[in-house]
Amino acid sequence: MQPTRSFWFRTVCCYTAIRATAGARVDEWLNAHEDILQCVETLRTVSSSDGSELDSTMVRLVELTDVFFCTERRLIDACSSITPDEQRALGKRMIGQRKKIAGSVEDLEGRS
């Protein structure tokens, strides 16, 4: 299953930039997302007659979604707690990551 463009952008641009500040949380967040994708794939392929598999996968999906959003909230909080100078440096790293992936702002505007 392919991640959404929004997820990919946050992961590569934003969370790669804050890895130095909150690396373990980034890893936890990425692991939860990978597990969510596995649950969704299971739900797509499991037979509707296999009620116990559907139930256990749904319970797991709900638990993982909670972990995913709580971890993302902690990532946002980690960014909020850094100094203004660190925020500027983080912003520069995020822009640098985005430019490496997508090109310059002018390139993006030209694609719109």
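Summary of the structure given here. Here the structure is a predicted model, which is why all the values come from computation and not from measurement.

What counts as what
Residues numbered from 1 in each chain as written. Predicted model: local features only at pLDDT ≥ 70, side-chain atom pairs only at ≥ 80, totals over all residues. Heavy atoms only, no water. Helix = DSSP H or I, 4+ residues; strand = E, 2+ residues; numbered from the N terminus. Contact = heavy atoms within 4.5 Å. Bend = angle between axes of the 7 residues up to and from the residue. Buried < 20%, exposed > 50% of the residue type's maximum accessible area, 1.4 Å probe, protein only. Polar contact = N/O pair within 3.5 Å; in protein donor to acceptor, adjacent residues only side chain to side chain. Phe/Tyr/Trp six-rings, centres within 6.5 Å; stacked < 30°, edge-to-face > 60°. Expected span 1.5 Å × (residues − 1). Salt bridge = Lys/Arg side-chain N within 4 Å of Asp/Glu carboxyl O.

## Regarding the overall build of the protein chain
Then comes step 1: Each helix and strand counted, the protein chain has five helices and zero strands in total.
Then comes step 2: Reading the protein chain from its N terminus to its C terminus gives the helix and strand order α-α-α-α-α.
Then comes step 3: The long-range share in the protein chain, meaning contacts at least 24 apart out of those at least 6 apart in sequence, stands at 61%.

## Here we look at helix H2 (residues 19–45)
Then comes step 1: In H2, a bend of some 45 degrees at Arg25 exceeds every other bend along the element.
Then comes step 2: Within the sequence span of H2, burial applies to Ala22, Gly23, Val26, Trp29, Ala32, His33, Ile36, Leu37 and Cys39.

## Remarks on the side chain of Thr71
Then comes step 1: The residue Thr71 is located in helix H3 (residues 51–80) in this model.
Then comes step 2: Given a relative accessible area of 0%, Thr71 falls into the buried group.
Then comes step 3: A distance of 3.4 Å separates the side chain of Thr71 from the side chain of Glu28, its partner in a polar contact.
Then comes step 4: Setting aside its immediate chain neighbours within four residues, Thr71 contacts Arg25, Glu28 and Trp29.

## Remarks on the packing of aromatic side chains
Centre-to-centre distance and the angle between the planes together describe a pair of aromatic rings.
Then comes step 1: For the structure shown, the criterion picks out two aromatic pairs.
Then comes step 2: Arranged with centres 5.0 Å apart and planes meeting at 20 degrees, the rings of Trp29 and Phe68 form a pair that is stacked. Taken together, the residues Trp29 in helix H2 and Phe68 in helix H3 connect sequence positions 39 residues apart. There is no split in this pair, since Trp29 and Phe68 are both buried.
Then comes step 3: Classification of Phe68 by relative accessible area gives buried; the value is 6%.
Then comes step 4: An aromatic cluster is present here, built from Trp29, Phe68 and Phe69 joined pairwise through their rings.

## Here we look at H3
Then comes step 1: Between its first and last C-alpha, H3 extends 43 Å over 30 residues, near the 44 Å set by a 1.5 Å rise per residue.
Then comes step 2: For H3, the full list of buried residues reads Thr57, Leu61, Leu64, Phe68, Thr71, Glu72, Leu75 and Ala78.

## Details of the pattern of salt bridges
Then comes step 1: In this structure the tally under the stated criterion is three salt bridges.
Then comes step 2: A salt bridge links Glu28 to Arg74; the nearest nitrogen and oxygen atoms lie 3.2 Å apart. Taken as a pair, Glu28 in helix H2 and Arg74 in helix H3 lie far apart in primary sequence, 46 residues in all.
Then comes step 3: Given the relative accessible area of 33%, Glu28 is considered partly exposed.
Then comes step 4: Here Asp35 and Arg60 are joined by a salt bridge, their closest N and O atoms 3.6 Å apart. Remark: Arg60 occurs in helix H3 and Asp35 occurs in helix H2; sequence separation between them is 25 residues.
Then comes step 5: For Asp35, a relative accessible area of 25% gives the class partly exposed.

Worth remembering: the numbers are spatial, not functional.
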